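# Results of the structural survey
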Amino acid sequence: MRLPLCSPQHGRSRARVTHAVVVIFLEFFAWGLLTTPMLTVLRDVFPQHTFLMNGLVQGVKGFLSFLSAPLIGALSDIWGRKSFLLMTVFFTCAPIPFMKISPWWYFALISVSGIFAVTFSVIFAYVADITEEHERSTAYGLVSATFAASLVTSPAIGVYLSGQYGDSLVVLVATVIAVADIAFVFFVVPESLPDKMRLTSWGFPISWEQADPFASLRRVGKDTTVLLICVTVFLSYLPEAGQYSSFFLYLRQVIEFSPAAITGFIAMVGILSIVAQTVFFGVLMRTIGKKNTVLLGLAFQLFQLVWYGFGSEPWMMWAAGTVAAMSSITFPAISALVSHSASPDQQGVAQGMITGIRGLCNGLGPALYGFIFFLFNEDPQQAHRCLVVPGPPFLFGACSVIFALVVAFFIPERHQLAEVKTCTANKAGSSSAAHAQNGSPLAVPISDTEDLEPLLQDSVM
């Protein structure tokens, strides 16, 4: 399916999916350059408890993201996407130069940057603004594939530059790319939200309840469909977040991959993920539907986690990596399912809530994986001597995904979601006057169903 460059329905002749793709690519390309230098800094700064401290740093960042994502998503629905996209990209990339200036400040800033590290939330809302529903799943797959594409070559480039010129040049190049990304957002990226859906003056037209992530999670339980999707996101992304934060460190210290092998592994998984999210994802969405695509992605995730848990040889990691690439279809499929349930003026809230749940997992997952490594292997380099379970955290993740599969099986099919959406639309008329009085499309609605339905969001991705 060929995506239109812009959505003619709303007269947005400038906002394009390619803008979102470039922003995501540059941000994660900059961080990809630092993959192996960051492993070195971690071992140098925290030589005794590398896994544990890595988990704590990433955990704090993720928890702060969980706290801030609903607020940023809701505000972007009111004031527009561009200003918040600029803010998230800036603060996400801010720690990069401090890797050489001061490693302690670098890790401290990584933790604090979680407050604004919700780029995917704003990007998916941006894409939802400029695409029709029937093409949105393909656009989400393209954005997610871009994330993988950014990691195909950047770690290898980082290793090459580090070997030839030292880590200082790698950090400098990553900083320049981050600045270029910020400049691109500021000077090139247009606003995607129509003027009629934005406020003309600054204020604070949202309630505390809309910005409170815990209040949003409490409301999830009032709608069965929302609850099922959110639980699926939590159970599947909890192990994914832990794996993402520690896996390359695991390859380096436990499986004893060389820096070149790590970059080759990342490139392989990245290329296969691009194929999975651009070719197979679109075919699967059209043939078996959103829900079955989610179930298939979870099955691949379960398989690769079990393989990582019991694998003790490098070839096993390479083989499991091919399966891991196919599991990358899960998140865009969930995002498409959520977007189908959200009204146009609440895409930011919907994306923000799913990113918020993923943010909670980004806090709990790394800390949990780090603690399990610490608990079972005080010295991670001795883990390979355990012939039965070299990677205990990955088996824990596999158990979590089993529960996610069971929960996802009970998510209603598409026609049921459409019926809920229709009921919501009928109820919306009674509360539209209240929305207009508050000057915001995000004013707290009278209907619980209307308020709950958009909560199912990418993720981010």
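The name that an unreviewed UniProt entry assigns to the chain is Major facilitator superfamily (MFS) profile domain-containing protein, with the source organism given as Astatotilapia calliptera. According to the UniProt record, the Subcellular location (unreviewed entry) comment for the chain reads "Membrane". According to the UniProt record, the Sequence similarities (unreviewed entry) comment for the chain reads "Belongs to the major facilitator superfamily."

### Remarks on the confidence of the model for the chain
Should pLDDT be low for a region, the predicted coordinates there are not to be read in detail. Confidence along the chain averages 76 in pLDDT terms, with 74% of residues attaining 70 or more. When the elements of the chain are averaged for pLDDT, helix α20 (residues 448-452) gives the smallest value, 30, and helix α9 (residues 167-187) the largest, 94. Counted against residues more than four places away or in other chains, residues 415-461, with its pLDDT under 50, gives 114 contacts.

### Observations regarding the nonpolar core
If you look at the biggest cluster of nonpolar residues, it comprises 109 residues, and the most contacted ones within it are Ile 123, Tyr 250 and Met 317. The element best represented in this core is helix α1 (residues 17-33), accounting for 11 residues. Residues in contact with Ile 123, not counting those within four places in the same chain, are Ala 20, Val 23, Ile 24, Leu 85 and Val 143.

### Topic: a nonpolar patch on the surface
Residues Ile 271, Val 275, Val 279 and Phe 280 make up a contiguous nonpolar surface patch of about 320 Å² in total accessible area. Residue placement: Ile 271 occurs in helix α13 (residues 259-287). The class for Ile 271 is partly exposed, based on a relative accessible area of 44%.

### Considering the pattern of salt bridges
Summed over all chains, the structure comprises 1 salt bridge. Residue Arg 81 pairs with Asp 129 through a salt bridge whose shortest N-O separation is 2.6 Å. Within this pair, whereas Arg 81 is found in the loop between α3 (50-79) and α4 (82-93), its partner Asp 129 is found in helix α7 (residues 119-130), the two being separated by 48 residues in sequence. For the pair formed by Arg 81 and Asp 129, the shared burial category is buried.

### A look at α13
Between the first and last C-alpha of α13 there are 40 Å, a value that for 29 residues agrees with the 42 Å anticipated at 1.5 Å per step. The principal kink in α13, of about 40°, is found at Phe 280. Positive backbone phi, approximately 90°, marks Gly 289, located one or two places after α13.

What counts and how
- Residues numbered from 1 in each chain as written.
- Predicted model: local features only at pLDDT ≥ 70, side-chain atom pairs only at ≥ 80, totals over all residues.
- Heavy atoms only, no water.
- UniProt positions renumbered as here; feature names shortened; annotations may be inferred.
- pLDDT = per-residue confidence, 0-100.
- Helix = DSSP H or I, 4+ residues; strand = E, 2+ residues; numbered from the N terminus.
- Contact = heavy atoms within 4.5 Å.
- Core = buried A, V, L, I, M, F, W, Y, C linked by side-chain atoms within 4.5 Å.
- Buried < 20%, exposed > 50% of the residue type's maximum accessible area, 1.4 Å probe, protein only.
- Patch = residues over 30% accessible without salt bridge, like charges linked within 9 Å, V, L, I, M, F, W, Y side chains within 5 Å.
- Areas by Shrake-Rupley, 256 points an atom, 1.4 Å probe, with all protein chains shown as cover.
- Salt bridge = Lys/Arg side-chain N within 4 Å of Asp/Glu carboxyl O.
- Expected span 1.5 Å × (residues − 1).
- Bend = angle between axes of the 7 residues up to and from the residue.

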